[in-house]
Amino acid sequence: MTRTGFVHRALCYGSDDEFLDGTLTFALDGLAAGEKVLAVVATRNIDLLGRALGRRRDEVEFVDADDWYGSPSRTLGRYNAYCADHDTDGAGRPSRIRIIGEPVWPGRTEFETREWMRYESLLNVAFAGTGHRILCPYDTRALPPGVVRSATRTHPELALAAGDSAASGHYADPADFYAECDAARPYGLPAGRDDIPFGRGRSAHVRRALRSYALDLGVSEHRLDDMVAAVHEVVVNSVRHGGGRGVLRLRNDFEYVICEVSDVGTGASTVPPLFPGHLPPDRRAVNGHGMWVVRQLSDLLTETLDPAGSVVRLYFKRCARGPTRAACPPPAV
Amino acid sequence: MDVVPALRAVGEMRAGDHLLLGYDADEERETVVAAFLLDGLASGHRGLVLGPADLPAELALTFLESRGCAVDDELAAGRLTVDPHLATPEGLWDLDEVIRREARRAVSDGYLGLRVSMEIMRGQAGRGLKTLHDSELLLEPVFASLPVLGICQYDRRVFDDVELAPLDGLHHGRVAADLVWRDELLSITRTFAPPGLALAGEVDDSNVTALARALQAETARVRAHQVDGASIRLDLRDLAFIDVGALRLLVFSALSLHTSGGMLVLHGVAPHVRRLMRVTGWDRIPGLRLSRGDVRQGALP
């Protein structure tokens, strides 16, 4: 059966054999069709699938999932960039891409886990209209039942034995799923003495204040530039679309520097966009790059876009993921 | 001892200033000298042009005509004069005398001052530039005592930096083209070789219009010289911040230059700006080229 639409399929596996049963055929079918095959999977699964591929191992591009699944929006951006770089063959003809993408769930907080579920659901929107296929392995031995259950809601298809698949009976419309994830997002921060008010023409002042706050927290110069650029775009959005003024609140906890931008709103009855900043903008579009950039530069972001006043909260990791986390400095008082 | 010579915009010159212009392109010389002379006409000064060749006055001043000056009228009225003195082999020997005399004459003719434009020729500089040094030294008391402003022009394609460095000590500093824009965040200056703009500071929503205007003017200038393949270079080495809106402006400028076979070259793009251009796909826009250059660190807090 030849299919042309985007395929996003979950593979819930409970053993190495089941993992191989689902991924090996998928990869070999892709190679047979001359497609580019990318496998972003857990370290031990790289060995497993690599060995099973035998001589054809080198034809599949392997990436360790820990190096790829850093933050949800950046990962989506990365897949998008990868597909843009590889969606034509040597002769310039359009070419389909097969991805085995195994998100990393261990070590995530409840908040992070929810945002990664949201990411899985958003792939259906971001890649709709492409002919690419993404197969997402979920290890039922190790993952919490809630995570495995979410896979049946964020993937339109579930992989069955021997390369077969079936429609997921629990698949949720991405807009509904998005709203569900939003229901659990945090409320706006309370006003504080250090609030940084802003208005038209005052964005430079906000950048200075943010830079000095983050420098005091020991944020690296590299992340500082991204942080300033991202927060600036949100502030400019507020000035332009959110009634012209608002306030920036800065907080930090053990994991994140939190920058919350809220505005007074315009009171107009405009409908906020669906999936703001989640979908890759056309590079030649006259607008729509701002929120995309903000998500790509920050680690996590929650937003409440409301004509009566919007709240956008950006999270920047204080330290790198993984073992180094233990070496993080204590949160500033 | 390495001393960075003071750099003054031509529009900020005052009576008594004796500045050096080291230029890389004729357009640069003409831009600075034209501003110098036109400012003079506007402030009641006489303009004296000591040109490098014995040309008819109108011909020597075509660069003023093309900048909107009624050269014939100004010459007829005596507000502008062209003197081939420097074109003579011994022109440098009594340069101080010529300027002293002309300054006094200008004052007695009712002018508030004299602006002198001097193009220095290699041939007259003497062995080891001795004649030139002596001449510049003798000019000093003239500038100190009379209402004179002067620009000594040195073609850097003829005089190298080693030769020019000691001459800095004989002037009050160097002169440059007027800033295209300056506010508390951003300054924009023209560059001439290659043609383009240098941005220093920060571009954001408050001043992106100034950048748009400067780019538009630069595009028009470059197109006036070269219809096809007109390219502009932006020197971003001293740019500490640029936001998405301003980058988008650069993208659309590049696309527009690309349609006529040209391109926009961004020189010295900082790593964080590169990241931003990568996630938007703007690093792959036709007509936009990123050249690495030396990124200066810590230009702004």
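I will try to describe carefully the structure that is included in this document. (Residues numbered from 1 in each chain as written. Chains lettered and ligands numbered in written order. Predicted model: local features only at pLDDT ≥ 70, side-chain atom pairs only at ≥ 80, totals over all residues. Heavy atoms only, no water.)

### Section: the overall build of chain A
For clarity, the cut-off: Each helix corresponds to a stretch of at least 4 residues labelled H or I by DSSP, and each strand to a stretch of at least 2 residues labelled E; elements are numbered beginning at the N terminus. All radius of gyration figures rest on C-alpha atoms, and the globule criterion is 2.2 Å times the number of residues raised to 0.38. Three exposure classes are used, based on accessible area relative to the maximum for each residue type with a 1.4 Å probe and protein chains only: buried under 20%, partly exposed in between, and exposed over 50%. Contacts were defined at the residue level, with two residues in contact if any of their heavy atoms lie within 4.5 Å. Computed by Shrake-Rupley with a 1.4 Å probe, the accessible areas treat only the displayed protein chains as cover when residues are assessed. Under this rule, positive means Lys or Arg and negative means Asp or Glu; His and the chain ends count for nothing. A charge is said to be at NZ when it belongs to Lys, at CZ for Arg, at CG for Asp and at CD for Glu.
Of the regular secondary structure elements, chain A holds 10 helices and 12 strands. Computed over the C-alpha atoms, the radius of gyration of chain A is 21 Å, within 12% of the 20 Å expected from 2.2 N^0.38 for a compact globule of 333 residues. Oriented by its inertia axes, the alpha-carbon framework of chain A measures out at about 60 × 45 × 40 Å. The buried share of chain A, taken over its 333 residues, is 52%. Taking all contacts inside chain A whose residues are at least 6 apart in sequence as the whole, residues at least 24 apart take part in 68%. About 15,000 Å² of surface is accessible on chain A, with carbon and sulfur atoms providing 53% of the total. Positive and negative charge centroids in chain A, built from 40 and 43 side chains respectively, lie 4 Å apart.

### Overview of the overall build of chain B
Secondary structure assignment for chain B yields 10 helices and 13 strands. Compactness check: chain B gives a C-alpha radius of gyration of 21 Å against a globular reference of 19 Å for 301 residues, within 12% of the reference. Across its three principal axes, chain B shows a C-alpha extent of roughly 65 × 45 × 35 Å. Classification of the 301 residues of chain B by burial places 52% in the buried group. Residue pairs at least 24 apart in sequence account for 74% of intrachain contacts in chain B once pairs closer than 6 positions are excluded. When the accessible surface of chain B is summed, it comes to about 13,500 Å², and 54% of that surface belongs to carbon and sulfur atoms. Separation between the mean location of the 32 positive side-chain charges and that of the 44 negative ones in chain B comes to 5 Å.

### Looking at the sheet that holds strand β5 (residues 133–139) of chain A
Residue and element names in this part refer to chain A. To keep it simple, the criterion reads: Strands were regarded as paired on the criterion that DSSP finds at least two bridges between them. Only C-alpha atoms enter the line fits that serve as axes; for helices the fit covers just the stretch in contact. Angles between N-to-C directions range over 0 to 180 degrees.
With mixed pairing, the 7 strands of this open sheet are ordered in space as β3-β2-β4-β5-β1-β6-β7. Two strands in the sheet have a free side with no partner beyond their single neighbour: β3 (61–64) and β7 (165–167). Taking the axes of each pair of neighbouring strands and ignoring which way they run, one obtains an average angle of 20° across the sheet. In this structure, strand β1 (residues 7–13) lies alongside strand β6 (residues 157–159), joined through 2 bridges in parallel fashion. Paired with A10 across the bridge in β6 is L158. Packed on one face of the sheet, helix α6 (residues 145–154) meets β1, β5 and β6 and runs near 160° to β5.

### Some thoughts on the packing of aromatic side chains
Residues and elements named next belong to chain A. The following threshold applies: Centres within 6.5 Å are what make two rings of Phe, Tyr or Trp a pair, Trp counting through its six-membered ring; a difference in plane orientation under 30 degrees is then read as stacked, over 60 as edge-to-face, and the rest as tilted. Two conditions define a charge sitting above a ring: the NZ of Lys or the CZ of Arg must be within 6 Å of the ring centre, and it must be within 35 degrees of the ring normal.
Tallied over the full model, the rule gives 12 aromatic pairs over all chains. Taking 5.7 Å as the distance between ring centres and 25° as the angle between the ring planes, the aromatic pair formed by F6 and F127 counts as stacked. Note that F6 is positioned in the segment before β1 and F127 in the loop between α5 (110–126) and β5, a separation of 121 residues in sequence. Residue classification places F6 among the buried residues on the basis of a relative accessible area of 16%. An aromatic cluster is present here, built from W68, Y69, Y79, W116 and Y119 joined pairwise through their rings. Looking at R98, its charged tip hangs above the ring of F26, at a distance of 4.9 Å from the centre.

### A closer look at the side chain of R318 of chain A
Residues and elements named next belong to chain A. What counts is decided by this rule: Put simply, a salt bridge is a Lys or Arg side-chain nitrogen that is within 4 Å of an Asp or Glu carboxyl oxygen. Contacts described as polar in this section are N or O atom pairs within 3.5 Å, which, within protein, must combine one atom able to donate a hydrogen with one able to accept it, while residues neighboring in sequence count only if both atoms come from side chains.
The residue R318 is located in the segment after β12 (311–317) in this model. For the buried residue R318, which engages in no salt bridge, the nearest side chain bearing the opposite charge is D253, 6.3 Å off. From its side chain, R318 meets the backbone oxygen of L217 in a polar contact 3.5 Å long. Here the side chain of R318 touches D253 through a polar contact of 3.2 Å, landing on its backbone oxygen.

### Quick word on unusual backbone geometry
Here the bond from A193 of chain B into P194 of chain B is cis, since omega is 0°, no more than 30 degrees from zero. Its identity as a non-glycine residue notwithstanding, F275 of chain A has a phi of 50°, on the positive side. Mapped onto the elements of the fold, F275 of chain A is located in the loop between β10 (256–263) and α10 (290–297).

### Thoughts on the nonpolar core
Formally: Nonpolar cores were defined as sets of buried Ala, Val, Leu, Ile, Met, Phe, Trp, Tyr and Cys residues, with membership established by side-chain atoms within 4.5 Å.
C259 and L314 of chain A together with L264 of chain B are the most contacted members of the largest nonpolar core, which has 65 residues in total. Broken down by element, this core gets its largest block of residues, 9 residues, from helix α9 (residues 221–241) of chain A. The contacts of C259 of chain A, once residues within four sequence positions are left out, are L210, M227, V231, L248, R249, L250, V312, R313, L314 and F316 of chain A.

### Here's the deal with the sheet that holds strand β9 (residues 245–252) of chain A
Residues and elements named next belong to chain A. Spatial ordering of the open sheet is given by β8-β9-β10-β12-β11, a layout of 5 strands whose pairing is antiparallel. The open sheet is flanked by β8 (196–199) and β11 (300–304), the only strands paired with a single partner. The mean angle between the axes of side-by-side strands here comes to 15°, regardless of whether they run parallel or antiparallel.

### Let's talk about the pairing of β5 of chain A
All names here are of chain A. Counting buried residues in β5 gives 7 out of 7 residues, a clear majority hidden from the surface. On β5, burial covers both faces: R133, L135, P137 and D139 on one face and I134, C136 and Y138 on the other are all buried. By the bridge criterion, 7 bridges tie β1 to β5 in an arrangement that is parallel. Bridging across to β5, Y13 finds its partner in D139. Where strand β4 (residues 97–101) lies against β5, 3 bridges are found, and the strand directions are parallel.

### Brief notes about the interface of chain A and chain B
Keep this limit in mind: As a working definition, buried area equals the accessible area (1.4 Å probe) given up by two parts on being put together, with both sides summed. Residue classes follow a fixed rule: Ala, Val, Leu, Ile, Met, Phe, Trp, Tyr, Cys and Pro count as nonpolar, while Asp, Glu, Lys and Arg count as charged, and any other residue, Gly among them, counts as polar.
Taken residue by residue, the interface counts 29 residues in chain A and 23 residues in chain B. Together, the buried faces of chain A and chain B total about 2,200 Å²; carbon and sulfur atoms form 54% of this surface. One can count 5 salt bridges joining chain A with chain B. Taken together, chain A and chain B are joined by 16 residue pairs in polar contact (both at pLDDT 80 or more). For the side of chain A that touches chain B, the elements supplying multiple residues, two or more each, are α4 (72–86), α8 (203–216), α9 and α10 of chain A. For the side of chain A that touches chain B, the class distribution of residues is 10 nonpolar, 9 polar and 10 charged.

### Things to note about α10 of chain A
Counting buried residues along α10 of chain A, 8 of its 8 residues qualify, which places the element largely inside the surrounding structure. Among the residues of α10 of chain A, G290, M291, W292, V293, V294, R295, Q296 and L297 of chain A are the ones counted as buried.

### A short note on a negative patch on the surface
To keep it simple, the criterion reads: Patches here are clusters of residues that have more than 30% relative accessible area and form no salt bridge, with a 9 Å joining cutoff for like charges and a 5 Å cutoff for nonpolar side chains (Val, Leu, Ile, Met, Phe, Trp, Tyr).
Negative charge collects at one region of the surface, where E58, E65, D72 and D73 of chain B lie side by side. Relative to the helices and strands, D72 of chain B resides in helix α4 (residues 71–77).

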